[in-house]
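An overview of the molecular structure
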Amino acid sequence: MLPASAIASTYTVTASATTYNPGDKITITIAGAAYNGFLGYATATASTNYVGTWTFPTGYQNNNAFCATAGVTTDSADSTITHTAGQTFNGATLTYTAPATSVGDLSFNFIVVAASTGGGYAHSILANAVTVKAATTAATMAAGTAS
């Protein structure tokens, strides 16, 4: 088996917005080959804390157990999203709500389980990260006042 870093990602993550304001809802889409699950989260680009909240459609849940074990700081019990049971997925459309106060630009990250064998994980792949800029940052840059 190849290590995850040696496998080219066949998954893409896209966002419905390029900028956000506090409390905005953003649609995040995962596309690519069929997969067995994922772990998704958003971070403020200047931090490693998981921020914002996800809406959980049927078949999805938060993953606070992972966060507690890994020592990850979250701003909500719903700051991560993962699958609930072993099944095959053919993409996902998810709803994310930005934090109530701006935390700067957001980076959306997904670790996709491309295959699993005998209950173990094989070929976990980090999908491309997508950045959504804070509206105040984007407006400052457009005005030419950013340094």
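None of the values given here were measured: they were computed from a predicted structure.

**Details of the environment of Phe 89**
- Among the secondary structure elements, Phe 89 is positioned in the loop between β7 (80–83) and β8 (92–97).
- Separated by 57 residues in sequence, Phe 89 and Gly 32 place their C-alpha atoms 9.8 Å apart.
- Excluding anything up to four places from it in sequence, Phe 89 contacts Ala 34, Tyr 35, Asn 36, Gly 37, Gly 59, Tyr 60 and His 83.

**Section: the sheet that holds strand β5 (residues 53–55)**
- With antiparallel pairing, the four strands of this open sheet are ordered in space as β1-β3-β8-β5. Lying at the two open borders of the sheet, with one neighbouring strand each, are β1 (11–15) and β5. Averaged over all neighbouring strand pairs, the angle between strand axes comes to 30°, with direction disregarded.
- Judged from the six bridges that link them, strand β3 (residues 25–32) and β8 form a sheet pairing that is antiparallel. Residue pairing in the sheet places Ile 26 in a bridge with Tyr 96 of β8.

**Some details on the packing of aromatic side chains**
- All told, the structure shown has eleven aromatic pairs when counted by the stated rule.
- Relative to Phe 89, the ring of Tyr 35 lies with its centre 5.6 Å away and its plane at 15°, an arrangement referred to as stacked. Residue Tyr 35 is located in the loop between β3 and β4 (37–44), and its partner Phe 89 is located in the loop between β7 and β8; the two are separated by 54 residues in the primary sequence.
- Among the residues examined, Tyr 35 registers a relative accessible area of 1% and is labelled buried.
- When the ring of Tyr 41 is compared with that of Tyr 50, the centres are 4.1 Å apart and the planes differ by 10°; the resulting orientation is stacked. Grouping residues by exposure puts Tyr 41 and Tyr 50 together as buried.
- One aromatic cluster is present, built from ring pairs that chain together Tyr 11, Tyr 35, Phe 38, Trp 54, Tyr 60, Phe 89, Tyr 96, Phe 108 and Phe 110.

**Notes on the nonpolar core**
- One finds Phe 38, Leu 94, Tyr 96, Phe 108 and Phe 110 to be the most contacted residues of the largest nonpolar core, which totals 27 residues.
- At four residues, the largest contribution of residues to this core is made by strand β9 (residues 106–117).
- Beyond its immediate chain neighbours, meaning those up to four positions away, Phe 108 contacts Ile 26, Ile 28, Tyr 41, Ala 42, Trp 54, Tyr 96, Asn 128, Ala 129, Val 130 and Val 132.

**Regarding the environment of Ser 76**
- For Ser 76, the location among the structural elements is in the loop between α1 (64–70) and β7.
- Sequence separation of Ser 76 and Tyr 50 is 26 residues, and the distance between their C-alpha atoms is 8.3 Å.
- Other than its neighbours up to four places away in sequence, Ser 76 contacts Gly 52, Thr 53 and Asn 64.

**Brief notes about the pairing of β4**
- The buried fraction of β4 amounts to eight of the eight residues, a majority that puts the element mostly inside the structure.
- Residues Gly 37, Leu 39, Tyr 41 and Thr 43 line one face of β4 and the alternating positions Phe 38, Gly 40, Ala 42 and Ala 44 line the opposite face, and both faces are buried.
- Across three bridges, β4 lies against β7 in antiparallel orientation. When the sheet's bridge partners are listed, Leu 39 is paired in β7 with Thr 82.

**Topic: the environment of Tyr 50**
- Structurally, the position occupied by Tyr 50 is in the loop between β4 and β5.
- Through-space distance from the C-alpha of Tyr 50 to that of Thr 73 is 6.3 Å; in sequence the pair is 23 residues apart.
- With sequence-adjacent residues up to four places away left out, Tyr 50 is seen in contact with Tyr 41, Ala 42, Thr 43, Phe 66, Cys 67, Val 72, Thr 73, Thr 74, Asp 75, Ser 79 and Thr 80.

Calculation criteria
Residues numbered from 1 in each chain as written. Predicted model: local features only at pLDDT ≥ 70, side-chain atom pairs only at ≥ 80, totals over all residues. Heavy atoms only, no water. Helix = DSSP H or I, 4+ residues; strand = E, 2+ residues; numbered from the N terminus. Contact = heavy atoms within 4.5 Å. Pairing = 2+ DSSP bridges. Axes fitted to C-alpha atoms, helices over the stretch in contact; angles between N-to-C directions. Phe/Tyr/Trp six-rings, centres within 6.5 Å; stacked < 30°, edge-to-face > 60°. Buried < 20%, exposed > 50% of the residue type's maximum accessible area, 1.4 Å probe, protein only. Core = buried A, V, L, I, M, F, W, Y, C linked by side-chain atoms within 4.5 Å.

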